[in-house]
Amino acid sequence: MNDGNLWDRFLSSFEGLVQTPPSSVKEGVFSELDRAARRRRRLKRGTSLLLIPLLFGGAAYFISSEQEGGNASPSGNELAVQSASEGESGILSAIPSTRDAESGPVNRGAAERDASPSSPRREDEASSPEGATESESIVQDRPGDRSGESASQGEDPNGDQLAQDPSKGERVQEVEEKPMNGETGPDGDKLARMPRKKPKNDDPDPELASKDGWGLDQEDQLERFPRFFVGGNGLMNFTRFVDPQTIESFESTSLIATEADRALDVGVEMGVQLTHRSALVVRYFAKEEVGQDYEQYVNGRFHSQRLRLTYRKFDLLFEQDVLEGSFMGEHRSFLSLYGGGHYSILRQAERSSMGEDRMMPNEYEPQAYGVDAGLRFGVGTSYGLEAGVLLNASMGLSDIRQDENVPEHLSGSSQKTSVGVGLSLRYRFGQEVMTDAR
Amino acid sequence: MSPMQPVKNDELTILEGCIKGDRKMQELLYERYAPRMYAICKSYADDDLEAQDLLQEGFIKVFNNIRKCNTQGSLEAWVRTVIVNNNIDHYRHKNKKFGIRETSTDEDLNDKGEEVENEAIRSFQDNDLLRVLRILPKGYRMVLNLYIVEGYPHKEIAEMLDISVSTSKSQFFRAKEMLKKKLGRESIEEYFAAI
């Protein structure tokens, strides 16, 4: 028998070979599949929780940007255009056409004098300071046209209703005549030194147009965001576990009693100010303690035990101002709402029972996630500092227990929850001294 | 190795159920192919415990990657490919970790091989083909399995095991000679004649 036939027969006999594996292999395969499925579910939930504040933040940022962009236009551009167009009509009605070159500057000047009931030019010329700029002279010479302050106060010695909002300034269309510096008319009045300019609807004052209702330059606004801030906070939390024993303890006939635990958590935060009123914040707590006391009546005796878990906690939150005001008349105050998700890493799991402390990290999941929400009332101070009072609520969404020996439908799930109050302090980079606005 | 055939209707049903995560279909797939795959894992492993580990890891990979199964081929062939690839990965990992020499020699039998050889001879007398393979050193056994049983050419075997082509050929040659030498040619012929 040659080698070829030998190995062919070897192969054919091998192909039909079957061996029955032990049942432990099958159990191992499917328990691992269950674990993987649970991990995938947790990852999906955690990812969606983290996406919620980002989506919410993005939408709010977009909406806020749209609103601020819309608010800025009327206060700047539209008012400048409006006043310019109205000024134009007033000027044109008061002053005859100046396009008639034959009338010459003298006649034109006379026409202008005739149009105005008084001689504001004469008065203005007397009052105009030497070396005044062209634009200032224009503003002063035009009948009914006053500087921003006087006009805004309603002063109009000529009773002229032409200038609707001279505080924004108006440019008058430049007339064809050339300025006659020093040239006097037949009445000895000096003619207009400077050409008049007609307000153009499509060319408002860029300086005015760029400012919004808050008096902030739009360019400044754009430059101000995003702005970063850092800070810290401390929370006094009341914590509980939401598990079958806790739920049962709230029943009047229950033989189980539970009591919330208290913990002080201190953390740091950093964030980015997206708009005046919205921000994205990341918080980190090196120590997040969650605990609860249990008392169970067993065999005629009460057995008490305390469970305390310590985590590292990362929060991703979106913050939005809902109310604004002023504090003591000087500083900006605000009330903001925030919401988002958190991710926690287990550091320590301790159970105290019958006077003994026992560490049991293997009975609890190494990771947990959940949602956070709260209120923040803050006051902006000088130098970019901001102090605030927090009201925070946190709820876990993942099951913190890890006991493979007990089926989940028997042991039930357990989530960590807490409610707390605290203080926060932030410093905003790039904040000007004078303003408390975000 | 069985020729490639399109996935049959019942196999398609099992495949679709496993993709959806139907536990019944997953168990059905396991029950159907685990005995055959366990035999394959035993031919690669040094002992039954290692074979059970290989089988468990292999089937976990099968279920995790079931979506990648090509319905143009046989489901059993795809499962077998995953199992064999897992065995090869295990061997490569062990090779790196424990520094197993690329080429095995007859001296390897002196450590554990002699005991295995005696056991294999006794097993051989009991017509246990799998134990016959265990008289071979790990490297020889890997090449023999991949070349004879799985039908891979030496070039591919060399890439899988991270060895040279000449090493693959020489190990296969030595595996054959060792089997014939240790067990006796007549014994092998009698064995195959009895099957």
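Here the residue numbers are simple positions, counted from 1 along each chain's written sequence. Following the order in which they are written, the chains are lettered starting with A and the ligands numbered starting with 1. Where local features are concerned, this predicted model is filtered to residues with pLDDT of at least 70; where side-chain atom pairs are given and counted, the filter is 80 or more; whole-chain, interface and lining totals use all residues. Note: side-chain values were computed over all heavy atoms of the structure, leaving out hydrogens and water.

A.B. asks: Give me the lowdown on the overall build of chain B, citing residues and values where you can.
C.D. replies: A run of H or I in DSSP counts as a helix once it spans at least four residues, and a run of E counts as a strand once it spans at least two, with each numbered from the N terminus. In terms of regular secondary structure, chain B is built from 10 helices and 0 strands. Mapped from its N terminus to its C terminus, chain B presents α and β elements in the order α-α-α-α-α-α-α-α-α-α. In chain B, which comprises 195 residues, the share counted as buried stands at 51%. In this scheme, a residue with accessible area under 20% of its type's maximum is buried, one over 50% is exposed, and one in between is partly exposed, where area comes from a 1.4 Å probe on protein chains only.

A.B. asks: Can you lay out a positive patch on the surface for me, pointing to particular residues and giving the numbers?
C.D. replies: To count toward a patch, a residue needs a relative accessible area over 30% and no salt bridge; like charges are then connected within 9 Å, while nonpolar side chains (Val, Leu, Ile, Met, Phe, Trp, Tyr) are connected within 5 Å. Accessible surface area values rest on a Shrake-Rupley calculation with a 1.4 Å probe, where residue burial reflects the displayed protein chains alone. Salt bridges are identified by distance alone: a Lys or Arg side-chain nitrogen within 4 Å of an Asp or Glu carboxyl oxygen. Residues scored as charged are limited to Lys and Arg (positive) and Asp and Glu (negative), so that His and the chain ends carry no count. Where a charge sits is defined by one atom per residue type, namely NZ (Lys), CZ (Arg), CG (Asp) or CD (Glu). Among the surface-exposed residues, R40, R41, K44 and R45 of chain A together with R67 of chain B lie close enough to one another that they form a single positively charged patch. Examined against the element boundaries, K44 of chain A turns out to sit in helix α2 (residues 23-94).

A.B. asks: Talk me through helix α8 (residues 154-161) of chain B; I want residue IDs and the actual numbers.
C.D. replies: Residues and elements named next belong to chain B. Every buried residue of α8 is accounted for by H154, I157, A158, M160 and L161. When α8 is viewed along its axis, its buried side chains cluster within an angular range of 165° and face the same direction. Exposed side chains of α8 directed beyond 90 degrees from the buried face belong to K155 and E159. Positive backbone phi, approximately 60°, marks D162, located one or two places after α8. The arc refers to the directions leading from the helix axis to the C-beta atoms.

A.B. asks: Which residues make up the environment of T246 of chain A, and what values go with them?
C.D. replies: All names here are of chain A. Its place among the elements puts T246 in helix α9 (residues 244-249). Once the C-alpha coordinates of T246 and D293 are considered, the two residues, 47 residues apart in sequence, prove to be 9.8 Å apart. Sequence-distant contacts of T246, defined by excluding residues within four places in its chain, comprise R240, F241, T258, Q292 and Y294. Only heavy atoms enter the contact rule, under which two residues are in contact if any of them lie within 4.5 Å.

A.B. asks: Before we move on, can you summarise the environment of Q26 of chain B with the specific residues and values?
C.D. replies: You can see Q26 of chain B is positioned in helix α2 (residues 23-44). Sequence-wise, Q26 of chain B and L15 of chain B are 11 residues apart; in three dimensions their C-alpha atoms are separated by 8.5 Å.

A.B. asks: For a nonpolar patch on the surface, give the residues involved together with the corresponding values.
C.D. replies: Residues and elements named next belong to chain A. There is a patch of nonpolar side chains on the surface, built from M236, F238, L264, V266, V322, L323, L337, L375, L391, V419 and V421 and spanning about 960 Å² of accessible area. Listed by contribution, the elements that provide at least two residues to the nonpolar patch are β1 (227-242), β2 (256-273), β4 (301-327) and β9 (415-428). Topologically, L375 is positioned in strand β7 (residues 367-380).

A.B. asks: Outline the pattern of salt bridges, supporting the account with residue identities and numerical values.
C.D. replies: Using the criterion set out here, one finds 28 salt bridges over all chains in the structure. Put simply, D34 of chain A and R23 of chain B hold a salt bridge, and the shortest N to O gap is 2.7 Å. With D34 of chain A in helix α2 and R23 of chain B in helix α2, the pair connects residues from two separate chains. Judged by relative accessible area, D34 of chain A falls into the partly exposed class, the value being 32%. Two residues, E289 of chain A and R308 of chain A, come together in a salt bridge whose shortest N-O distance is 3.2 Å. Note that E289 of chain A is positioned in strand β3 (residues 278-298) and R308 of chain A in strand β4, a separation of 19 residues in sequence.

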